[in-house]
Number of protein chains: 2
Amino acid sequence: MNSDIILLGHGSGGRMSHQLLDELIIPCLSGIAVRDQNDAAVLPAVEGRLAFTTDSYVVDPIFFPGGNIGDLAINGTINDLAMSGARPLAISIGLILEEGLPLADLKRILESMREAADRAGVAIVTGDTKVVPRGNADKIFINTSGIGLLADEVNVRGSGARVGDKVLVNGTIGDHGMAVLAGREGLELKTDIRTDSAALHAMVADLLDRAAGAIHALRDPTRGGVATTIKEIALQSQVDITLEEAALPVRETVGGACAILGLDPLFVANEGKLLAVVAPEAAETALAVMKTHPEGRQAAIIGEVTGDSSGKVFMRTAIGGLRAIEMLAGEQLPRIC
Amino acid sequence: MNSDIILLGHGSGGRMSHQLLDELIIPCLSGIAVRDQNDAAVLPAVEGRLAFTTDSYVVDPIFFPGGNIGDLAINGTINDLAMSGARPLAISIGLILEEGLPLADLKRILESMREAADRAGVAIVTGDTKVVPRGNADKIFINTSGIGLLADEVNVRGSGARVGDKVLVNGTIGDHGMAVLAGREGLELKTDIRTDSAALHAMVADLLDRAAGAIHALRDPTRGGVATTIKEIALQSQVDITLEEAALPVRETVGGACAILGLDPLFVANEGKLLAVVAPEAAETALAVMKTHPEGRQAAIIGEVTGDSSGKVFMRTAIGGLRAIEMLAGEQLPRIC
C-alpha cells in the first residue's frame, strides 16, 4: 500500500479499492477468496426457515477496554441471530471509512472481526467498503448483517412470555456501557471494567437442546439495558414482569462507577448478555446450562412473569418496595454500540 | 412525534427509539409488524443455494435528479443479488442518522425505499437505526443487505467469460454519476440528466429463463463505471475483452456534460445497468430479451472476449485505433453511491 491512511481513492471502486481489498481487507478476513469476488456471495444449499438480521455499529471510541468496534459488530450480529433461536450461518460486513483513518487501526479492527468470527465458527462471506471525506463520518462505522438457520421445533419470540415464567440473565449487567465510557477520552475510570462482548450462540444452542419448548423468549439487552429489553418483552407478550433487585448480578466496580456518574446499571448497555424467559419447570435446568458456559458463570434467575396486563414491569427493591420500570426515556450514552 | 428533526434520543434503544420506529419507520416500510419486532426476522422455509450481499450507501446529495439514497439502496442490493443469478427474497436496512436530520427527509427516503421494494416484489424484513451526534456523520447513511435464492442450473460469475463471448449492456452509460453531480450544490447542469437507478432482477430472470447456460457473467457497473467492471471480469476470467467505442450507448446530454467536466462516461457510475457476457450463439436472443424490458430499450452489444490473457481490456475507437483500458485509478467522484 502506498499510504498508511485511508484515502478517498480507496472508495472509488477502481484500482485503489482493489488494492485495499486484496492487500488488507481480504487477507484479514476469512471465507472470501480474492479471485471469487462477485457482487453477492453464494452459500451452500440449505433447507429450512432462515433468520436474517442487521446492525450498524457506531461506537465511540472504536477501541475500548476489552474490545473494539470490530469484534463488537461480529458478536452482536451472532447474538441477534441466536436470540431468534437460529444457528448462525454467514455474516456480511459493510465498512464506512473516514478519509484519514490509519490503516493500522483498520487492520486491527478487521483482525478482531476475523478472530471473533473464527471463534464462533461463522464465516464472513461478503462485504462492501465506502470512503467518505474527512468530517463526513467519525473514523469507522461497521454494518454487520447475518443469516441463520432455524430448527423446526424452535419458536422463540419476544411475544412468547407467559404467566409463571422465570426470567434469567447469564451474568453481570452494565459492563459494556461502562467499558465504553471508561474508554472515552478524558474519562479515567481506573478499574478492571471491560466490555462483556461475546458470542452467545453456543449457550443458546445448548439451552434449546435441553429445553427447546420451555425457552419462550430470548433477547440481548444492548442499548437501553436490561430495563428497556424486559419492558419490550412485557409489552410484546402483554404480561407483567417483576424483577428482584437483590438478584441482579452487578460487578462491584460497575456498580460503583454507575453510582459516581449517576447511571442505573439496569439501563446500561450489555453486549454479551441474554435475557431468557423460561417455563418455571425448566428454569433450574436452564440456569445450570448457562453456568456450564464461560459467559454464564454468574447466571441468575432475576425475576418472574407475574400477571397478564398491558406490559408493566416492576422491580422489587432490596428493602421490599415495588417500583415501576419504564424504558430508557431519552439518550443515556450516545454511540455506545 | 415531539420533534421534527432526529435527536440523539432516537438512537437510545429506549422510548424515543420505539416511538420513531412505531410512528415513522415501520409505517413507511413493508413486511415488519410492529408487535413482531425481534432481534432477527424469521423468513419462510426455503431450499437451495443462497446468495448474500451487502452495500452501504453514502451518496451526496441524498436527493438527486431521478432518485434518492433510499431507492438507490434498495435497487442496488436487488441488483447485486440479481448479478449472481439469484431471485431476491428479503432485504435488511441499517440506518445511520445524523442528529438534526429533518424527519420529513427521513420519511421521504423511507417511502422511496418501500416503493422500490414493492415495485420489485421484495420484502424489507428487518432493520436497525443508529443516531450519531451532529458532525459525526453526514445526514444519513444506509446499509442494505439482501438474501436471494439460486436456481440449481444457474452458474453466473465474474470468472465465467470465455473467448468468443459477446458483451452486452442494457442501455446508456454514465447517467447515475452525472445525475448525482448535477444534484450537488453549486453545480447547475440544466439538463434532463437523471439517475438510471432501477431494479434489474426481472430482466435477469428473463435472461436466465431464455438462455441460462449461455449467460456466463453478469455485473452491474456501479462505482468505477463500465471500464472498471469490464476490467474486473477480464482479470477474474483471465481473458482479453475488446469494446467498440461506436457501440457504447451514451445519452447526448451525459456525453456533453462529461466533456465539459473532463470526465469519461466509461468510468462514471451506473445504478440501473448490467454488463452481460454471453455465449455468441445466444447474444442476439439476450439482446432481444433485454429490449423487452423498459430498462433495456437501448440495450446493445458493445464488445467481445477476444483472447486468453492475463486480463487486458481494449477499446476500438471510432476512428479504428485500439487503446488499452485500465481500472479507474484514484477517486473520480467521491460519494457517488
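Let me begin by describing the structure that accompanies this report. The structure displayed is predicted, hence computed values, not measured ones.

1. Thoughts on the sheet that holds strand S1 (residues 41-57) of chain B
Spatially, S5(A)-S4(A)-S6(A)-S1(A)-S1(B)-S6(B)-S4(B)-S5(B) is the arrangement adopted by the 8 strands of the open sheet, whose pairing is mixed. Here the strands that pair on one side only, and so sit at the sheet edges, are strand S5 (123-132) of chain A together with strand S5 (123-132) of chain B. Going across the sheet, the axis of each strand differs from the next one's by a mean of 25°, ignoring polarity. As defined by bridge partners, strand S1 (residues 41-57) of chain A adjoins S1(B) across 9 bridges and the pair is classed as antiparallel. Bridge pairing links A:Glu47 to B:Glu47 in S1(B).

2. Let's talk about the pattern of salt bridges
For the coordinates displayed, the defined rule picks out 28 salt bridges over all chains. In this structure, B:Lys130 engages A:Asp55 in a salt bridge whose closest nitrogen and oxygen atoms are separated by 3.3 Å. With B:Lys130 in strand S5 and A:Asp55 in strand S1, this residue pair bridges two chains. Take B:Lys130 and A:Asp55: they sit in the same class, and that class is buried. A salt bridge links B:Lys130 to B:Asp128; its shortest N-O distance comes to 2.9 Å. Taken as a pair, B:Lys130 and B:Asp128 share a single burial class, namely buried. Bridged by salt links that share partners, the residues A:Asp55, A:Arg223, B:Asp128 and B:Lys130 form one connected network.

3. Some details on the interface of chain A and chain B
Taken together, the 81 residues of chain A in the interface contact 81 residues of chain B. Interface of chain A and chain B: buried area, both sides summed, is about 6500 Å²; carbon and sulfur atoms make up 55% of it. The three residues of chain A that bury the most area against chain B are A:Asp39, A:Phe52 and A:Arg223, which together make up 13% of that side's buried surface. Run the count over chain A and chain B and you get 4 salt bridges. A salt bridge links B:Arg223 to A:Asp128; the shortest N-O distance between them is 3.3 Å. Across the contact surface, chain A and chain B share 28 residue pairs in polar contact (both at pLDDT 80 or more). Only helix H1 (15-28), S1, helix H2 (69-83), strand S4 (86-98), S5, strand S6 (140-150) and helix H6 (225-237) of chain A provide two or more residues apiece to the side of chain A that touches chain B.

4. Looking at the sheet that holds strand S9 (residues 239-244) of chain B
Working definition: the strands of a sheet are paired by backbone hydrogen bonds and lie parallel or antiparallel to each other. Residue and element names in this part refer to chain B. Sheet architecture is open: 7 strands sit in the order S8-S10-S7-S11-S9-S12-S13, paired in mixed fashion. Looking along the sheet, the strands with just one partner apiece sit at the ends: strand S8 (215-219) and strand S13 (322-325). Strand-to-strand, the axes of this sheet are offset by a mean angle of 25°, without reference to chain direction. Relative to strand S11 (residues 300-308), S9 runs antiparallel, the two sharing 5 bridges. In the sheet register, leucine 243 faces S11, and the bridge partner there is glycine 303.

5. Digging into H2(A)
All names here are of chain A. In this model, H2 (15 residues) spans 21 Å end to end at C-alpha, consistent with the 21 Å of a helix rising 1.5 Å per residue. The opening residue of H2 is asparagine 68, an N-cap whose side-chain oxygen sits 2.6 Å from the backbone nitrogen of glycine 70. Trailing H2 by a residue or two, glycine 85 shows a phi angle of about 90°, which is positive.

6. Observations regarding a negative patch on the surface
A cluster of acidic residues, A:Glu47, A:Asp152, A:Glu153, A:Asp209, B:Glu47, B:Asp152, B:Glu153, B:Asp206 and B:Asp209, forms a negative patch on the protein surface. Mapped onto the secondary structure, B:Glu47 falls in strand S1. Judged by its relative accessible area of 57%, B:Glu47 is exposed.

7. So, the environment of A:Asp22
Inspection of the secondary structure assignment puts A:Asp22 in helix H1. Separated by 136 residues in sequence, A:Asp22 and A:Gly158 have C-alpha atoms that sit 42 Å apart.

8. Points about the relation of the copies chain A and chain B
Screw-axis analysis of chain A against chain B gives a translation of 0.0 Å along the axis, an RMSD of 0.0 Å, and a rotation angle of 180°. One copy is carried onto the other by what is essentially a two-fold rotation axis. Here 100% of the interface residues in chain A have copies in chain B that are interface residues too; the copies meet face to matching face.

9. Brief notes about the packing of aromatic side chains
The full count for this structure, using the stated rule, is 2 aromatic pairs over all chains. With a centroid separation of 6.4 Å and an interplanar angle of 75°, the aromatic rings of A:Phe52 and B:Phe52 are classed as edge-to-face. Placement of the pair is A:Phe52 in strand S1 and B:Phe52 in strand S1, with the two residues belonging to separate chains. When its relative accessible area of 0% is taken as the criterion, B:Phe52 is described as buried. Here A:Phe141 and B:Phe141 contribute two aromatic rings whose centre-to-centre distance is 6.3 Å and whose plane-to-plane angle is 50°, an arrangement assigned as tilted. Linking A:Phe141 in strand S6 with B:Phe141 in strand S6 (residues 140-150), this pair reaches from one chain into another.

10. Focus on the environment of A:Asn143
Along the polypeptide, A:Asn143 turns up in strand S6. Judged by relative accessible area, A:Asn143 falls into the buried class, the value being 3%. The residues touching A:Asn143, leaving out its near neighbours within four places in the chain, are A:Thr54, A:Asp55, A:Ser56, A:Ser92, A:Ile93, A:Gly94, B:Thr54, B:Gly94, B:Asn143 and B:Ser145. Within the structure, the side chain of A:Asn143 is placed 3.4 Å from the backbone oxygen of A:Asp55, a separation counted as a polar contact.

11. Comments concerning the packing of helix H5 (residues 201-211) of chain A against helix H8 (residues 283-291) of chain A
In helix packing, the relevant descriptors are the interaxial angle and the interaxial distance, both defined with respect to the helix axes. Residue and element names in this part refer to chain A. Two elements in contact, H5 and H8, have axes separated by 9 Å at closest approach and are oriented at 145°. Viewed along their axes, H5 and H8 form a crossing whose handedness is right-handed. Along its contact with H5, which presents Met203, Asp206, Leu207 and Arg210, the element H8 presents Thr285, Ala286, Val289 and Met290. Of the residues that constitute the contact of H5 with H8, the class distribution is 5 nonpolar, 1 polar and 2 charged.

Quick notes on the rules
- Counting of residues starts from 1 at the beginning of each chain's written sequence and follows it residue by residue.
- Whichever chain is written first is A, and whichever ligand is written first is 1; the rest continue in order.
- Predicted model: local features are reported for residues with pLDDT of at least 70 only, side-chain atom pairs are reported and counted for 80 or more only, and whole-chain, interface and lining totals are derived from all residues.
- The basis for every side-chain value is the complete set of non-hydrogen atoms in the structure, without hydrogens or water.
- One requirement defines pairing of two strands: DSSP has to find at least two bridges between them.
- Secondary structure elements are defined from DSSP: runs of H or I of at least 4 residues count as helices, runs of E of at least 2 residues count as strands, and each element is numbered from the N terminus.
- Angles here are taken between N-to-C directions and fall from 0 to 180 degrees, while the axes themselves are lines fitted to C-alpha atoms, restricted in helices to the stretch in contact.
- We count a salt bridge whenever a side-chain nitrogen from Lys or Arg sits within 4 Å of a carboxyl oxygen from Asp or Glu.
- The buried label goes to any residue with under 20% of its type's maximum accessible area, the exposed label to any with over 50%, and the partly exposed label to all in between, with areas taken from a 1.4 Å probe on protein chains only.
- For this analysis, residues touch if any pair of their heavy atoms sits within 4.5 Å.
- Accessible area that two parts lose when put together, with a 1.4 Å probe and added across both, is what the buried area reports.
- Any pair of nitrogen or oxygen atoms within 3.5 Å is treated as a polar contact; in protein, a donor-acceptor pairing is required on top of that, and neighbouring residues in sequence qualify only through side-chain atoms on both sides.
- What a helix is expected to span follows from its residue count: subtract one and scale by 1.5 Å.
- Each patch groups residues whose relative accessible area exceeds 30% and which form no salt bridge, using 9 Å between like charges and 5 Å between nonpolar side chains of Val, Leu, Ile, Met, Phe, Trp and Tyr.
- Residue-level accessible areas treat just the shown protein chains as cover; the underlying method is Shrake-Rupley with a 1.4 Å probe.
- We score Asp and Glu as negative and Lys and Arg as positive, and we do not count His or the chain ends.
- In plain terms, the charge of a residue is placed at NZ if it is Lys, CZ if Arg, CG if Asp and CD if Glu.
- Alignment of the copies relies on least squares applied to C-alpha atoms, considering only residues that score at least 70 for pLDDT in both.
- Whether two aromatic rings pair depends on their centres lying within 6.5 Å, for rings of Phe, Tyr and Trp, where Trp uses its six-membered ring; planes under 30 degrees apart make the pair stacked, over 60 edge-to-face, and the rest tilted.
- For any pair of crossing helices, the crossing counts as left-handed if the nearer helix is rotated counterclockwise from the farther one by less than a right angle, and right-handed if it is rotated clockwise.
- Under the grouping applied here, Gly and all other residues not named as nonpolar or charged are polar, the nonpolar ones being Ala, Val, Leu, Ile, Met, Phe, Trp, Tyr, Cys and Pro and the charged ones Asp, Glu, Lys and Arg.

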